[in-house]
Amino acid sequence: MLFYILCTLGLLSFGVKESAWVTKVFTAINIVVLSFVMITGFVKGDPENWKISEESLINFTVITSNLSSAENVTSIFGVGGFTPYGLNGTLAGAATCFYAFVGFDCIATTGEEVKNPQKAIPIGIVTSLLVCFLAYFGVSAALTLMMPYYLLDARSPLPVAFEYVGWGPAKYLVAVGSLCALSTSLLGSMFPLPRIMFAMARDGLLFKFLGKVSKRQSPVTATMASGVISAVMAFFFDLKALVDMMSIGTLLAYTLVAACVLLLRYQPTSFYKQNNCSDGENLTAEEDGELDGNASESHLTVLKEQDLSCSLLLNPSVVPTEQTSAVVHGCVGFITVTVCALSALITYGNEAILSLVPWSIGLLAIFLLVFGVAVFIITKQPQSQTRVVFMVPLLPYLPVLSIFVNVYLMMQLSGGTWIRFSIWMIFGFAIYFGYGIRHSVEGQQDNESVQSETENTKNIEGMDDNDMPTELDQFIRHEKTSEC
């Protein structure tokens, strides 16, 4: 494993084109092998392997455990059928196998290196999602059709499956595909990490030396640092621990992305700053006057700093304001905390809920009520008028559903994974609060803007009352002044 990491590290140091070319070759070989496995599985498979009875599983448990009788024996291989471990087992397996969908950050982090990122990145993400789903779905179906699931070898299931159906030589083709898949996986996981570290170092969140690039404009220092960290992790931890760590980290990242989508789509923007003149020309005089009134009223509401009330929550202004954004921030916080509590209750109190224990039903009702109210309040808030090429549909329901699914899958992981993840997060917070927060370029710019606003306020306070314009006049002058 260390050898593979070092080879991948050297390849990534050359740049994007070389690593992309090698990735394409390995991916093509991997797709050919996966297609062979799926076709073979459906040809040599037996649908009866999806209809295994619980009685046969109990008998197999008696044989493997060297028991003398099958009385009062529970199968260790589930209850048979198409879903032998039920919905809980399926979700637990999905949480562990979530590493199949790790490569999307590889697409998103290369936005600065493609010609048309607004169009290419969404298409690439959706296409990759579809290909990954079909590949993992097809191979899993082929494996469980070729031989009973309880006979599969956890370490090398594909060679054992081909031996079971009498196609022993095919295991060598599978071995080649496995090597290519491992190389592609390493490239896919180690490619975005140096670029993320480079971007953070360029902003000052990480140490400056990680922001250095080579003559080929490759983040060589960040690549070497990420390779060393990966090699150390691979040396000290087994494969399952690393897979679980990757899964919980990916799930957390996708949860944060879903929450950020909500926050960004409801944040206030300058209503009259338009990207081109054609947008303003399409407005009628009546619509223009109506928008002027709504924008002025929202700004005046911010300046007066009115307290939050039911009318503001359920009947806010037409355009986003600071107050509506604050409402969404608070609701997203409530949703996150409620989803965590609800996922923990469903995961660890499942039997109590099914048994209709009063305390579990009461907690479930409270969590669902808070969750529903928070989502309802968000739906009443105005969204940003800014339009981009790709926008998440079904807002706010799709991001909220994503948060719930991700957090619930995280709850399915083991306690050891959470302990390792907590230690890793402690290291990250130590770096951020010890170094990054004081050296961030964005933070310094925000501080400078705050200082400039403070100076402007002091200058305004020094003006005479006759010279000082009213709050409404300020907004009218600002809003009517346009480059268009």
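Visitor: Break down the overall build of the protein for me, citing the residues and quoting the values.
Guide: For the protein, the helix and strand inventory stands at 21 helices and zero strands. Per-residue burial over the protein gives 33% buried out of 484 residues. Within the protein, contacts between residues at least 6 apart in sequence are counted, and of these 72% link residues at least 24 apart. In the structure as shown, the protein presents an accessible area of about 29100 Å², 66% of it carried by carbon and sulfur atoms.

Visitor: I'd love a proper account of the environment of Gly211, names of residues and values included.
Guide: Note that Gly211 resides in the loop between helix H9 (192-203) and helix H10 (220-236). Gly211 gets classed as partly exposed once you look at its relative accessible area, which sits at 25%. Taking the C-alpha atoms as reference points, Gly211 and Ala199, twelve residues apart in sequence, are found 7.2 Å from one another. Non-local contacts of Gly211, meaning those with residues more than four positions away in its chain, are made with Phe198 and Ala201.

Visitor: How would you summarise the nonpolar core if you had to cite specific residues and measurements?
Guide: If you look at the biggest cluster of nonpolar residues, it comprises 20 residues, and the most contacted ones within it are Leu262, Ile335 and Ile403. Among the secondary structure elements, those contributing two or more residues to this core are helix H11 (239-265), helix H15 (322-348), helix H17 (358-379) and helix H18 (397-411). Counting residues per element, this core draws most heavily on H15, which supplies six residues. If we skip the residues at most four places from it in the chain, Ile335 touches Phe371, Ala374, Val375, Ile378 and Val400. Core analysis: the next-biggest nonpolar cluster, separate from the first, contains 14 residues, Val33, Val37, Leu143 and Ala161 among them.

Visitor: So what about H17? Which residues, and what values?
Guide: Its 22 residues give H17 an end-to-end C-alpha distance of 32 Å, which sits within 8% of 32 Å, the value for a rise of 1.5 Å per residue. Ser360, Leu364, Phe367, Phe371, Ala374, Val375, Ile377 and Ile378 are the residues of H17 that are buried.

Visitor: Break down the packing of aromatic side chains for me, citing the residues and quoting the values.
Guide: Across all of its chains, the model carries 16 aromatic pairs by this definition. Relative to Phe82, the ring of Trp50 has its centre 5.1 Å away and its plane inclined at 80°; by these criteria the two rings are edge-to-face. In this pair, Trp50 is assigned in the loop between helix H2 (16-44) and helix H3 (54-64) and Phe82 in the loop between H3 and helix H4 (86-96), connecting sequence segments 32 residues apart. Judged by relative accessible area, which is 30%, Trp50 ranks as partly exposed. A network of ring pairs unites the aromatic residues Phe60, Phe77, Tyr85, Tyr149 and Tyr150 as a single cluster.

Conventions we followed
- Residues numbered from 1 in each chain as written.
- Predicted model: local features only at pLDDT ≥ 70, side-chain atom pairs only at ≥ 80, totals over all residues.
- Heavy atoms only, no water.
- Helix = DSSP H or I, 4+ residues; strand = E, 2+ residues; numbered from the N terminus.
- Buried < 20%, exposed > 50% of the residue type's maximum accessible area, 1.4 Å probe, protein only.
- Contact = heavy atoms within 4.5 Å.
- Areas by Shrake-Rupley, 256 points an atom, 1.4 Å probe, with all protein chains shown as cover.
- Core = buried A, V, L, I, M, F, W, Y, C linked by side-chain atoms within 4.5 Å.
- Expected span 1.5 Å × (residues − 1).
- Phe/Tyr/Trp six-rings, centres within 6.5 Å; stacked < 30°, edge-to-face > 60°.

Any functional reading would require information that these geometric values do not contain.
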